[in-house]
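Geometric and topological summary
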Amino acid sequence: MAYVITERCIDELDGSCVSCCPVDCIYEGLRKRYINPDECIDCGACLPECPVDAIYAPNEAPDPVWEADNAAFFTQVLPGRDAPLGSPGGAEATGPAGADTPLAASWGGTGDAP
Ligand code: SF4
Ligand code: SF4
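Residues numbered from 1 in each chain as written. Chains lettered and ligands numbered in written order. Predicted model: local features only at pLDDT ≥ 70, side-chain atom pairs only at ≥ 80, totals over all residues.

Not every one of the 14 residues close to ligand 2 is listed here, only the nearest: C9, E12, S16, C17 and C50. A breakdown of the residues in the shell around ligand 2 according to their chemical character gives 8 nonpolar, 2 polar and 4 charged. (Near = placed C-beta within 6 Å. Nonpolar A, V, L, I, M, F, W, Y, C, P; charged D, E, K, R; others polar.)

Written out as structure tokens, the structure is:
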């Protein structure tokens, strides 16, 4: 398991969490950021940094769909890309993906399901 970023991050993207991650595993999509579950070391440093409480510890997200969705960001081929991101080993070097998962891309932004 790994820490997870939920829908509260959508259209926020302030990035407060990114600079505190010791393994640089918080990647930028188009509307939100995603934690790479294979790279996260479960240190918890990012959780208190999020101003909108979008980050949850493993198995504590109110809607478990976001755990699968964070993983899907890295295992699925995102729109406009030729291959999955996989585990690039660092968000800064990877840069913004320029795309989101279908769930995040279609999210209404009001906290309601798409
Ligand atoms: S729990 Fe630690 S390793 Fe995982 S995303 Fe947060 S800061 Fe990075
Ligand atoms: S601090 Fe919170 S809102 Fe900002 S990018 Fe990180 S998870 Fe998203």
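And the narrative resumes.
So, about the site of ligand 1. Among the 14 residues in the neighbourhood of ligand 1, the closest are listed as Y3, C21, C40, C43 and C46. For the shell around ligand 1, the class distribution of residues is 12 nonpolar, 1 polar and 1 charged.

Tracing the backbone through its elements, the reader meets E28 in strand β2 (residues 26–28). The partly exposed category is assigned to E28, around which 19 C-beta atoms lie within 10 Å. Residues E28 and A91, 63 residues apart in the sequence, show an inter-C-alpha distance of 7.4 Å. Setting aside anything within four residues of it in sequence, one finds E28 in contact with R33, A91, P96 and A97. (Helix = DSSP H or I, 4+ residues; strand = E, 2+ residues; numbered from the N terminus. Buried ≥ 20, exposed ≤ 12 C-beta atoms within 10 Å, placed from the backbone. Contact = placed C-beta atoms within 7 Å.)

Another aspect to go through is unusual backbone geometry. Positive phi, close to 65°, is recorded for D11, a residue that is not glycine. Residue position: D11 is located in the loop between β1 (4–5) and β2. D11 gets classed as exposed once you count the C-beta atoms within 10 Å, which come to 12. For D24, which is not glycine, the phi dihedral falls at a positive 50°.

Generally speaking, soluble globular proteins have nonpolar side chains that are buried together. Residues Y3, V4, I5, I26, I35, C46 and I55 are the most contacted members of the largest nonpolar core, which totals 27 residues. Contributing elements (two or more residues each) for this core: β1, β2, β3 (33–35), β4 (55–56) and α1 (65–75). For this core, the leading source of residues is α1, giving 3 residues. Sequence-distant contacts of I35, that is, excluding residues within four places in its chain, are made with A2, Y3, V4, I5, C25, I26, C40 and N70. (Core = buried A, V, L, I, M, F, W, Y, C linked by C-beta atoms within 7 Å.)

Within the fold, P64 resides in the loop between β4 and α1. For the pair P64 and T6, spaced 58 residues apart in sequence, the C-alpha to C-alpha distance is 9.1 Å.

Another aspect to go through is the environment of E92. Looking at the secondary structure, you find E92 in helix α2 (residues 91–94). According to the C-beta neighbour criterion, E92 is exposed, with 11 such atoms within 10 Å. Residues E92 and I35, 57 residues apart in the sequence, show an inter-C-alpha distance of 13 Å.

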